[in-house]
Amino acid sequence: MFDFDEFVDRTGTGSTKWATRAPAVKQAGMVPLSVADMEFRCPVPVREAIRRAADHGVYGYTYADDAYHDALAGFMKRRHGCDIEKDWVLVVNGVVSALGVAVRALSEPGDAVIIQPPVYAPFLDAIEANGRQPVFNRLLLTDGGCEINFPEFEHLCTDKKVKLFILCSPHNPVGRVWTRRELERLADICAEHGVVILSDEIHADIILPGHRHTSILAIPQASFNSAVLMAMSKSFNLAGLACSEAIVPNAELRGKIARQQAMDHAFGMTYFARAASIAAHTECDGWLDALNAYIAENFAFMRGFLGERLPMFRLSKLEGTYLAWMDMRSLNMEDGALKAFLANEAKLALTMGDWFGQGGSGFTRWNIALPRPLLADALERLAAAVDGLGERNVP
């Protein structure tokens, strides 16, 4: 019904992922597995909605109207069990932009902000670029995954300088889908110490079988001191339309973010984004379910390949997102050397683990939202490159 095995050539489209490949990867014509957009066409209803919007011929200033809000609210209720109100929603021109807006709105220069590395690099950028102090609650590496260091987290929250906690849920890059119990514990700690939660839930719809995303919006003790950032970009491969939402139940926090948003002119309802969002949130549940199944099958294929051909590398268990986190420390290479080896010998464009901060060195993040034959080709090239090293670096 849905063809996720179709190859879509993005050459000449201005694709960030394709245009920024290392020269060796680009020269070889290899598909990159780096930047977190997908190599799949958007769902048919979205493409048809955009075509209809294009045919209209007038692409003027566009408002987040009732049709947009009703579609979003219906999707949030249907997919996540969350009842949201129109007044809670601020439309922003991308989650990264929203991160900066929220950091400026919910803290002051010199305040401390907790993040949980290894984590999406713009979290740290948004903190440091705005004169705030990053505080690190590094995730604990376990057998096959990562866990939160709760005693350390609670200790950090006792510091009066800590005003904000940026949560990545599901977590990029380690692929964890936090359980309700974990989120309740985080919420209790933050509530006790007056720390506001900024929850980036952009990957909330990419959840593998056996797991369930719980939004901070669904945790009662977090409702008064949290803001949730969401977007259709990851779920439906619409990142180029630059549209996201900050969902903020608390009127005081929402007012702070809205005022900062106005100061930054960070508004985000573009003409085509409105049409795409309404279609995505009302007509594409079946496509999304099929996508999640395909991602799960890709990960199972990848895990099986490594077990048979490259057992020296370990994958963290993937619970959500389409981003696989691979431990390649057994190669005993510095990050720069590892990047060069992967680009020049395996012709692989990946996101290197050190980009995610503490705990990322020696890891790589693989975007596995691509046709399985292309994933198989990438893994074969990795195996051949590792075989070419001989025995000198591989235990």
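Residues numbered from 1 in each chain as written. Predicted model: local features only at pLDDT ≥ 70, side-chain atom pairs only at ≥ 80, totals over all residues. Heavy atoms only, no water.

**Student:** What am I meant to see in empty space enclosed by the protein here?
**Tutor:** It is a probe the size of a water molecule, rolled over the atoms, that shows where empty space is left. For the coordinates displayed, the defined rule picks out 2 cavities of 30 Å³ or more. L72, F75, M76, D205, M230, A231, M232, S235, E245 and H281 are the residues that line the largest cavity. At the level of elements, helix 4 (66–80) and strand 8 (226–231) are the ones that each hand at least two residues to the lining of the largest cavity. Tallying contributions element by element places helix 4 first for the lining of the largest cavity, with 3 residues. As for the second largest cavity, its lining consists of V92, A98, V101, A102, L229, A246, I257 and Q261. Those elements that provide at least two residues to the lining of the second largest cavity are helix 5 (95–106) and helix 10 (251–264). For the lining of the second largest cavity, the element with the most residues is helix 5, which contributes 3 residues. Of the residues that constitute the lining of the second largest cavity, the class distribution is 7 nonpolar, 1 polar and no charged. (1 Å grid on protein atoms, 1.4 Å probe; cavity = no way out; pocket = protein on both sides within 12 Å on 5 of 7 lines; lining within 4 Å. Points joined across faces, edges and corners; volume = space filled by probe spheres on them. Helix = DSSP H or I, 4+ residues; strand = E, 2+ residues; numbered from the N terminus. Nonpolar A, V, L, I, M, F, W, Y, C, P; charged D, E, K, R; others polar.)

**Student:** Explain the side chain of S277 to me, please; I cannot follow it from the model alone.
**Tutor:** Along the chain, S277 falls in helix 11 (residues 271–283). Residues in contact with S277, not counting those within four places in the same chain, are Y68 and M232. (Contact = heavy atoms within 4.5 Å.)

**Student:** Help me understand the sheet that holds strand 3 (residues 133–136), please; the structure alone is not making it clear to me.
**Tutor:** Across a sheet, paired strands are connected by hydrogen bonds in the backbone, their directions being either parallel or antiparallel. If you walk across this open sheet you meet the 7 strands as 1-9-8-7-6-2-3, and the pairing is mixed. At either margin of the open sheet sits one strand with a lone partner, and together these are strand 1 (89–92) and strand 3. Direction aside, neighbouring strands of the sheet carry axes that sit 25° apart on average. (Pairing = 2+ DSSP bridges. Axes fitted to C-alpha atoms, helices over the stretch in contact; angles between N-to-C directions.)

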